[in-house]
Amino acid sequence: MSDVSTTTSRANATEDGGAPEPRPASSPAARERRTRSTGWLFVLPFALAFGLFMVWPIVQGLWMSFTDESLTLNGTNFVGFDNYAEAFGDPDVWSSLGNTVFFTVITVVPLVVVALGMALLVHSGLAGQWVWRLAYFAPFLLPVTVVTLIWQWLYQPDLGMANQLLDTLGMEPIGWLSDEKFAMWSIAALTVWWTVGFNFLLYLAALQSIPDQLYEAAALDGAGAWRRLFSVTLPQLSRTTALVGMLQVLASLKVFDQIFILTKGGPNNSTRPILEYIYDVGFTGYRLGYASAISYLFFALIIIISIAQLRFFPRQEG
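Below, the structure is looked at part by part. (Residues numbered from 1 in each chain as written. Predicted model: local features only at pLDDT ≥ 70, side-chain atom pairs only at ≥ 80, totals over all residues. Heavy atoms only, no water.)

## Focus: the overall build of the chain
The number of helices and strands found in the chain is 14 helices and 0 strands. The linear arrangement of helices and strands in the chain, starting from the amino end, is α-α-α-α-α-α-α-α-α-α-α-α-α-α. Looking at the chain alone, contacts between residues at least 24 apart form 66% of all its contacts between residues at least 6 apart. (Helix = DSSP H or I, 4+ residues; strand = E, 2+ residues; numbered from the N terminus. Contact = heavy atoms within 4.5 Å.)

Below, the structure is given as structure tokens:
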């Protein structure tokens, strides 16, 4: 009877205009479950695309590296680690990897130093800064085909501007892309001109974020321009330098487009990077299994270099 009367009194209170009693709050565990379920709904489209276009190709390629998969064979046989053993003994793998490492060495340092110099020059207060920024960054916006076409004309043996300049100076013409001694250096110069603008923007943004109080304090202590550069500016840019260095090492190791378009690895495979050799093995030699094995060895090398960089740069910054 008491429960019935209580319910009746609550209903009467509601009908008379009184506020109904609030419902009991849900438990924290229930709210957390609802939040997780909602979060999974938002993550699901990306997870499906990531699994379909990233995880599945990686797994399929790894399996393929243990087979004799070929575009010319009807069947596929499991060969274990035979492809990996062959890759370690393949002189073309080591020569193309050496070309890749050499290209990385001769491009990373200029891409860091030149970008820093350009950013310091613009940040110093030159007149018409927007013109300098546009001029430095514009090449980075060009597609690789346009860039290679421009430099292919510059490197023309007879009509190219590079050899015309040498002729004006009384020097012999150079086979910029046909001579083994100059081909890789020519491609490196193209790459620096093309991609240095991105690093320039990173350095310029970092320079603009340095507090003015640091320069004022250094000036009060009697520090000149060079002293402020080495004692204030460069230490404040250490994180940006680490970032630029990491990005450029990884990008240079993955070089392919400009070399393939300009020289196709020539002359005499002196400019062929490891990715082009993987392409030749897989789509010219039709050995997809062997090409997959080489690509996963190169992938492991990139992972090792990335981990080494992540461990090295924090100690340098500390």
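Still to come is the rest of the account.
## A word on the environment of Leu-207
Within the secondary structure, Leu-207 is located in helix 8 (residues 183-208). For the pair Leu-207 and Leu-116, spaced 91 residues apart in sequence, the C-alpha separation works out to 9.7 Å. For Leu-207, the residues in contact, after removing those within four places along its chain, are Ala-119, Leu-120, His-123, Thr-233 and Leu-237.

## Thoughts on the pattern of salt bridges
Overall, the coordinates contain 3 salt bridges when judged by the stated rule. Here Asp-92 makes a salt bridge to Arg-272, at a shortest N to O gap of 3.7 Å. With a gap of 180 residues between them, Asp-92 in helix 4 (residues 91-123) and Arg-272 in the loop between helix 12 (257-262) and helix 13 (274-284) connect regions that are remote in the sequence. For Asp-280, the salt bridge goes to Arg-272, with nearest N and O atoms at 3.8 Å. Taken together, the shared-partner salt bridges connect Asp-92, Arg-272 and Asp-280 into one network. (Salt bridge = Lys/Arg side-chain N within 4 Å of Asp/Glu carboxyl O.)

## Points about the layout of surface pockets
The space that makes up the largest pocket amounts to roughly 320 Å³. Lining of the largest pocket is provided by 14 residues; of these, Pro-57, Gly-61, Ser-292, Ser-295 and Tyr-296 occupy positions nearest its centre. No other element matches helix 14 (residues 288-317), which puts 7 residues into the lining of the largest pocket. Estimated volume of the second largest pocket: approximately 250 Å³. Leu-120, His-123, Ser-124, Leu-207, Tyr-215, Ala-225, Trp-226, Arg-228, Leu-229 and Thr-233 are the residues that line the second largest pocket. Looking at the lining of the second largest pocket, the elements that each hand over two or more residues are helix 4 and helix 10 (225-236). Ranked by residues supplied to the lining of the second largest pocket, first place goes to helix 10 with 5 residues. Tallied by class, residues from the lining of the second largest pocket come to 6 nonpolar, 3 polar and 1 charged. (1 Å grid on protein atoms, 1.4 Å probe; cavity = no way out; pocket = protein on both sides within 12 Å on 5 of 7 lines; lining within 4 Å. Points joined across faces, edges and corners; volume = space filled by probe spheres on them. Nonpolar A, V, L, I, M, F, W, Y, C, P; charged D, E, K, R; others polar.)

## Overview of the side chain of Gln-258
With respect to the helices, strands and loops of the structure, Gln-258 is situated in helix 12. Note on Gln-258: relative accessible area 6%, which makes it buried. Within the local environment of Gln-258, its side chain forms a polar contact with the side chain of Thr-191, the two groups lying 3.0 Å apart. The residues contacting Gln-258, other than those within four sequence positions of it, are Phe-103, Val-144, Thr-148, Ile-187, Leu-190, Thr-191 and Trp-194. (Buried < 20%, exposed > 50% of the residue type's maximum accessible area, 1.4 Å probe, protein only. Polar contact = N/O pair within 3.5 Å; in protein donor to acceptor, adjacent residues only side chain to side chain.)

## A few points about the nonpolar core
Considering soluble globular proteins, one finds that nonpolar side chains tend to be buried as a cluster. In terms of nonpolar packing, the biggest core is built from 33 residues, with Phe-200, Tyr-203, Leu-237, Tyr-290 and Ile-294 touching the most fellow members. Contributing elements (two or more residues each) for this core: helix 4, helix 8, helix 11 (238-253), helix 13 and helix 14. At 10 residues, the largest contribution of residues to this core is made by helix 4. Not counting residues within four places of it along the chain, the set of residues in contact with Tyr-203 comprises Val-112, Ala-115, Leu-116, Ala-119, Leu-237, Thr-240, Thr-241 and Val-244. Counting 18 residues, the second largest nonpolar core, distinct from the first, contains Ile-106, Val-144, Ile-187 and Leu-190. (Core = buried A, V, L, I, M, F, W, Y, C linked by side-chain atoms within 4.5 Å.)

## Some remarks on the packing of helix 6 (residues 144-154) against helix 8
The packing of two helices is summarised by the inter-axis angle and the distance between the axes. With their axes 11 Å apart at the nearest point, helix 6 and helix 8 run at an angle of 130° to one another. Comparing their axes, helix 8 and helix 6 come out oblique. Here helix 6 and helix 8 pass one another in a crossing that is right-handed. Contact residues: Val-144, Val-147, Thr-148 and Trp-151 in helix 6; Ala-189, Leu-190, Trp-193 and Trp-194 in helix 8. Considering only residue class, the contact of helix 6 with helix 8 consists of 7 nonpolar, 1 polar and no charged. (Axes fitted to C-alpha atoms, helices over the stretch in contact; angles between N-to-C directions. Parallel < 35°, antiparallel > 145°, perpendicular 65-115°, else oblique. Left-handed = near helix turned anticlockwise from the far one by under 90°.)

## What to know about the packing of aromatic side chains
In the structure shown here, the tally under the stated rule is 21 aromatic pairs. Ring centres 5.4 Å apart and planes at 25° place the aromatic pair Phe-140 and Phe-198 in the stacked group. Linking Phe-140 in the loop between helix 5 (129-137) and helix 6 with Phe-198 in helix 8, this pair joins segments that are 58 residues apart in sequence. Overall, the relative accessible area of 32% leaves Phe-140 in the partly exposed class. Taking relative accessible area as the criterion, Phe-198 reaches 33% and is therefore assigned partly exposed. Sitting over the ring of Phe-260, Lys-264 keeps its end group 5.3 Å from the ring centre. (Phe/Tyr/Trp six-rings, centres within 6.5 Å; stacked < 30°, edge-to-face > 60°. Lys NZ or Arg CZ within 6 Å of the ring centre and 35° of its normal.)

## A short note on helix 10
Counted at 1.5 Å a residue, the expected span for helix 10 with its 12 residues is 16 Å, and the 15 Å between its end C-alpha atoms agrees. Three or more residues of helix 10 are buried, namely Leu-229, Val-232 and Thr-233. Here the buried residues of helix 10 occupy an arc of 125° about the axis, which is enough to place them on one side. Turned more than 90 degrees from where helix 10 packs its buried face, Arg-227 and Phe-230 sit exposed. Structurally, helix 10 contributes buried residues whose contacts are with helix 4, helix 8 and helix 9 (212-220). (Expected span 1.5 Å × (residues − 1). Arc of directions from axis to C-beta.)

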